Amino acid sequence: MTEPSTTPDPAASPAHPALPASPAHPALPASPAHPALPASPAHPALPDDTIRAVEVHYYRVPHERWELMLLRAVQSGANAVSTYIPWIHHAPRPEVLDLTGITAPERDLVGFVERCAAHGLGFIAKPGPFCDSEMLGGGVPTWLIEAHPDWWAVRHDGEPYRHGDSDDPRLGYDHPEAIAASCEWIRTVCGALEPFASGGDGPGWLWAVQVDNETPGDGMWIHEDGAAPSPIRADLADVGRWRAFLAGRYGDVEALDRAWGTDHGSLDEVGFPGSWDAPDTVEGLRPWIDLDRFADHQLATGLGAYASAVREVLGDRVPVFHDFLCMPWPLAGMLVDPAVLADTCGWVGQNVYAEGVDPERMIAGTAWYRMDDDEYVHHAWWRTRLCHTLSPAGLPHLVPEISARQAFYLQCSLVGGMDAPCIYMLHSSEPEPVGVGAFQRWAEEAPVLPDGNVLEWWWNLRCLFLCLAAGGADLVAAPLESPVAIVADHAGERLARWSGLIPGAGWSADGPLATLAEASNTSAAGLRLARRLVDAGVPFDVVTAGRDPLDGYEVVLVPDTRVLSRAARDHLADLAAAHPGRVRLDGPAPELDEDLRPLEPIAAPGGIGAPSAPRGIDVDALPGRRVSPDGVDLGVRTGSSGRRYVTVVNRTHDRVELDVDGVPVAAGAASVTWFAHDAGRVVAAMLHGEDAAVGPVTSSQGQVAVALLEVPEGPPVWHVVAEERTRVTLPDLPDGAVAVRATLAGSVSELGPLDGAELRFVHLDDAGRTDRVLVGEPTAARAAADAVAAPVVEYMLAALARVDADAAELGLSGAEVVDRIRRIRSARVAGTATEEDLELLDRLTSIAVRANDIRLGVS
């Protein structure tokens, strides 16, 4: 296909031509099937509901299958679609920039958002500039990268930082021209999406914008330096920016020399510290700590500019967010200063991909997605709670990327408060689009295949989304009970970075500062403390003491660390003085501040703990403790309605029985059980395992989710989703209750009256795969089933009409398309096909794919 090009502005940089104005694309009005949602009190762009998002990459899906994937999104129970918007896809060459499909239909970003809106799906935009996602350049145009080697981020050995998937160089976060080009791209995307943003009368279709991705991202991680491991994560491309940073920090060279123990004539003489060589004095270590600060300064410079570019176009109408990159838990605190993400973007979430798992201690999972107890505490508790306290009050507990491949892995973060997950990915891609994907196949862990068929782990997200939908606004507003807070502080990680946690970066065993470095990893110490609290049944928050309010906690715990920022120390000392006993130390009082200068000790108790904790805090004596069997964890939230939302995580390999809030629970091995109840009356539940139960709700095997949901007319109806054949017992059924089955293919059939309260759930038979079974008063159950089937019927009718219309343009009927394709292919093999035949083949193939999806993709 020949791509039309835009006309560059003569005054624009050749690498960055002036971008054309986006045509107006007014946001679609709410349809009767998808009424407008009330706005969240936390932000007018967000719905007053849980966010249930799925990642759908329009650029990895043939245009003719967009509708099919959006149908799958609706069927999953999602209410939003999230996607990267790759710069490389929309600007394949310097003279081309296409957001409306002028050059190729897969580039019609605006049209894709319109289709999301038509399905009642909110839109979460992720324009980068760095997306990663196993794309060439990480989503940044390779022509741009190649044209500007002076923009590349440079490692300690003089080599560029390189994206791990494509091997393309990474651009620096603080290079002014790279920032300017990236911001130009972001403003253009936001301009195209602006008509979909909220106008003040409730949420629009654009719900949020993410800037960059997992900053600093693949290729710039501290443990990825290959043959030359180094703890240095700063971009060393420009010593001038380093000197400017030092001037801002110290003011003059005399102050710098006093801190470093050096004797420079001027700041212009100060270079980078050089190759890492373990120093033997505190003064000798300070240049390295400043270099680590410089790395966060660089990230803050780029992220701040990107976020400002979004706000220049969209103002405060849409929240901006960022996502923590995953790392093995002992290294996680060294990745980036969390304050950088919070200060530049505001809303902070964490991606869940377990790392560094010990297979012998694995709870549950697969070869790709697995968790042991440490990673579970890290992801489900520590990071979920830290991200929530970093974010503005009232916003949901965001997990921007989490795999649906394994049920425990996906669902366990409910215990830490997750109520806004995004399934990454909804669909796989094969083959990857030319010029975008770095590999041939991608996202094989996704529950939906490229042709629209679903894999067995589809029901992992179906069960989760049904429960989150049942919780809705009441769940989002329900606080997680946490009378205890653990302090997180980044100051120690700047020193701990040079400890033995990073291959090749530690001191020798007798190094004079090695012990100090090992003892300054506040994040690792906090996670060890968190593990003790989880095992003791003590719920907790994670707070950054220098910035977060602490007055609402009964106890604030300081991990066993030697280094603490002075702001955190002062905040904690004031709290300890005002409320004796509220601050407690898990070891000796921290001794040094972020500059490794002595700290006055915090006057707070530490002491000897229980036998399981021979030193430090007695976690068994902390407030809020919930008694449960060993290896079983509880999370409880109470909504303004009084409804209680309970998560039970069974980390053992045996079925367990317990009582929570007076509700008897039987939970399968290595499983997550969740339920909502009103004074003991169960109204929604997710069960897993043989003979699982939550109060009167029971299942015989597999994974089951049930929810009693309101309908427009008539009494509430039970929605039942299950992953296999099972027997489900439901409470509070009206006399004459019936079961009605809706399949993924849109068929509806009555299963007849129930035999007592037991439903025999049929997962798959000749009629196809079951979407869900609706149980209740006959008229209401049938109406609910029809509503479930309606999107499928709409899709099929629209697809049939499109097939007939496309075929008619070619002078054919829909039935003649496949026969013509066979004829042309035969002629091509025989060598008799004309150029006109081959051009026609492309158009016919697109029509045939759509026709085939009607039969296959929704079955």
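This text follows the structure it describes.
Below is a summary of the structure that appears in this document. Not measured: the values here are computed from a predicted model.

Parameters and conventions
Residues numbered from 1 in each chain as written. Predicted model: local features only at pLDDT ≥ 70, side-chain atom pairs only at ≥ 80, totals over all residues. Heavy atoms only, no water. Helix = DSSP H or I, 4+ residues; strand = E, 2+ residues; numbered from the N terminus. Rg over C-alpha atoms; globule rule 2.2 N^0.38 Å. Buried < 20%, exposed > 50% of the residue type's maximum accessible area, 1.4 Å probe, protein only. Contact = heavy atoms within 4.5 Å. Areas by Shrake-Rupley, 256 points an atom, 1.4 Å probe, with all protein chains shown as cover. Lys, Arg positive; Asp, Glu negative; His and termini not counted. Charge placed at Lys NZ, Arg CZ, Asp CG, Glu CD. Patch = residues over 30% accessible without salt bridge, like charges linked within 9 Å, V, L, I, M, F, W, Y side chains within 5 Å. Salt bridge = Lys/Arg side-chain N within 4 Å of Asp/Glu carboxyl O. Core = buried A, V, L, I, M, F, W, Y, C linked by side-chain atoms within 4.5 Å. Pairing = 2+ DSSP bridges. Axes fitted to C-alpha atoms, helices over the stretch in contact; angles between N-to-C directions. Parallel < 35°, antiparallel > 145°, perpendicular 65-115°, else oblique. Left-handed = near helix turned anticlockwise from the far one by under 90°. Disulfide = S-S within 2.5 Å. Nonpolar A, V, L, I, M, F, W, Y, C, P; charged D, E, K, R; others polar. Phe/Tyr/Trp six-rings, centres within 6.5 Å; stacked < 30°, edge-to-face > 60°. Lys NZ or Arg CZ within 6 Å of the ring centre and 35° of its normal.

## Side note on the overall build of the protein
Then step 1. Counting its secondary structure elements, the protein contains 19 helices and 30 strands.
Then step 2. Scaling as 2.2 N^0.38, a compact globule of 859 residues should have a C-alpha radius of gyration of about 29 Å, and the protein matches this with 28 Å.
Then step 3. Considering only C-alpha atoms, the protein reaches an extent of 85 × 75 × 50 Å along its principal axes.
Then step 4. The buried share of the protein, reckoned over its 859 residues, is 60%.
Then step 5. Summarising the internal contacts of the protein: among those between residues at least 6 apart in sequence, 71% fall at separations of at least 24.
Then step 6. When the accessible area of the protein is evaluated, it comes to approximately 31,000 Å², of which 52% is carbon and sulfur surface.
Then step 7. Within the protein, one finds 65 positive and 122 negative side-chain charges whose respective centroids are separated by 3 Å.

## Regarding a nonpolar patch on the surface
Then step 1. On the surface, Val793, Leu797 and Leu800 cluster together to form a nonpolar patch covering roughly 270 Å² of accessible area.
Then step 2. Within the fold, Val793 resides in helix H17 (residues 778-809).
Then step 3. Its relative accessible area of 40% is what places Val793 among the partly exposed residues.

## Considering the nonpolar core
Then step 1. Ranked by internal contacts, the top residues of the largest apolar core, which has 163 residues, are Val54, Phe123, Leu206, Tyr376 and Leu533.
Then step 2. Counting residues per element, this core draws most heavily on helix H12 (residues 458-476), which supplies eleven residues.
Then step 3. Excluding residues within four positions of it along the chain, Leu206 makes contact with Ala45, Phe123, Ala125, Leu193, Phe196, Ala197, Leu314 and Val318.

## Describing a negative patch on the surface
Then step 1. A contiguous patch of negative charge, built from Glu835, Glu836, Glu839 and Asp842, is present on the exposed surface.
Then step 2. Among the residues examined, Asp842 registers a relative accessible area of 58% and is labelled exposed.

## Brief notes about the sheet that holds strand E25 (residues 726-729)
Then step 1. Taken together, six strands build an open sheet; the order of strands is E17-E18-E21-E22-E25-E28 and the sheet is antiparallel. Two strands lie at the open edges of the sheet, namely strand E17 (656-660) and strand E28 (758-761), each paired on one side alone. Averaged over all neighbouring strand pairs, the angle between strand axes comes to 20°, with direction disregarded.
Then step 2. Bridge analysis of strand E18 (residues 663-667) against strand E21 (residues 692-694) gives two bridges, and the strand direction is antiparallel. When the bridges of E21 are listed, Val665 appears paired with Val694.

## Concerning the pairing of strand E27 (residues 748-753)
Then step 1. For strand E26 (residues 738-743) and E27, the ladder comprises five bridges, and the chain directions are antiparallel. Along E27, the bridge assignment pairs Ala739 with Gly752.
Then step 2. In this antiparallel pair of consecutive strands, E26 and E27, the connection spans four residues, and Gly746 shows a positive phi of 95°.

## A short note on unusual backbone geometry
Then step 1. Of the consecutive residues Tyr424 and Met425, the connecting peptide bond is found in the cis state with omega at 10°.
Then step 2. Checked against the element boundaries, Met425 lands in the loop between strand E10 (420-423) and H12.
Then step 3. The backbone phi angle of Ala443 is positive, close to 60°, even though this residue is not glycine.
Then step 4. Within the fold, Ala443 resides in the loop between E10 and H12.
Then step 5. Of note in this structure, Leu596 is not a glycine but carries a positive phi near 60°.
Then step 6. Tracing the sequence through the fold places Leu596 in the loop between strand E14 (583-585) and strand E15 (632-638).

## So, the packing of helix H8 (residues 282-314) against helix H9 (residues 338-345)
Then step 1. Contact pair H8 / H9: the axes reach a minimum separation of 8 Å and the direction vectors enclose 20°. By the angle class used here, H8 and H9 are roughly parallel. You can see that H8 and H9 cross each other, and the crossing is right-handed. Where H8 approaches H9, its residues Asp296, Leu299, Ala300, Leu303, Gly304, Ala307 and Arg311 are matched on the opposing element by Val340, Leu341, Thr344 and Cys345.

## So, the state of the cysteines
Then step 1. The final tally for this structure, using the stated rule, is zero disulfides.
Then step 2. With no disulfide of its own, Cys412 has Cys326 as its nearest cysteine by sulfur position, at a separation of 12 Å.
Then step 3. For Cys412, a relative accessible area of 0% translates into the label buried.
Then step 4. Of the cysteine sulfurs around Cys463, a residue in no disulfide, the closest is that of Cys467, at 7.0 Å.

## Quick word on the sheet that holds strand E5 (residues 320-324)
Then step 1. Strand order in the open sheet formed by eight strands is E6-E5-E4-E3-E2-E1-E10-E9, and the pairing between neighbours is parallel. The open sheet has two free edges, formed respectively by strand E6 (347-350) and strand E9 (398-402), since each of these has just one partner strand. Averaged over all pairs of adjacent strands, the angle between strand axes in this sheet comes to 25°, irrespective of strand direction.
Then step 2. Pairing of strand E1 (residues 53-55) with strand E2 (residues 80-84), which is carried by three bridges, proceeds in the parallel orientation. Paired with Val54 across the two strands is Val81, which belongs to E2.
Then step 3. Relative to the sheet, helix H10 (residues 373-390) contacts E5 and E6, its axis offset from that of E6 by approximately 170°.

## Concerning the pairing of E25
Then step 1. In E25, alternate side chains face the same way, and those of Thr726 and Val728 are buried while those of Arg727 and Thr729 on the opposite face are not.
Then step 2. Taken together, the two bridges between strand E22 (residues 697-699) and E25 define a ladder with antiparallel strand orientation. Residue pairing across strands places Thr698 opposite Thr729, the latter belonging to E25.
Then step 3. Bridge count for E25 against E28 is four bridges, and the pairing is antiparallel. Bridge pairing links Val728 to Leu759 in E28.

## Things to note about the packing of helix H6 (residues 239-250) against H8
Then step 1. One can describe the packing of H6 onto H8 by two numbers: an axis separation of 11 Å at closest approach and a directional angle of 105°. Comparing the axis directions of H6 and H8 gives the class roughly perpendicular. Contact residues: H6 offers Arg241, Trp242, Phe245, Leu246, Arg249 and Tyr250, while H8 offers Pro287, Asp290, Leu291, Arg293, Phe294 and His297.
Then step 2. Classifying every residue of the contact of H6 with H8 gives seven nonpolar, one polar and four charged.

## Focus: the packing of aromatic side chains
Then step 1. Summed over the entire model, instances satisfying the criterion amount to 20 aromatic pairs.
Then step 2. A centroid spacing of 6.2 Å and a plane angle of 20° characterise the contact between Trp242 and Phe245, whose relative ring orientation is stacked. Here Phe245 and Trp242 lie together in helix H6, a separation of three residues that amounts to about one turn. Each member of the pair Trp242 and Phe245 is classed as buried.
Then step 3. With 5.3 Å between their ring centres and 65° between their planes, Tyr369 and Tyr409 make a pair best called edge-to-face. With Tyr369 in the loop between strand E7 (362-365) and strand E8 (370-372) and Tyr409 in helix H11 (residues 407-411), this residue pair connects regions lying 40 residues apart in the sequence.
Then step 4. The structure contains a cluster of three or more aromatic residues connected by ring pairs, namely Tyr58, Tyr59, Trp66, Phe112 and Phe123.
Then step 5. Residue placement shows Arg60 over the ring face of Trp442; its charged tip is 3.5 Å from the ring centre.

Nothing here speaks to function; it is all geometry.
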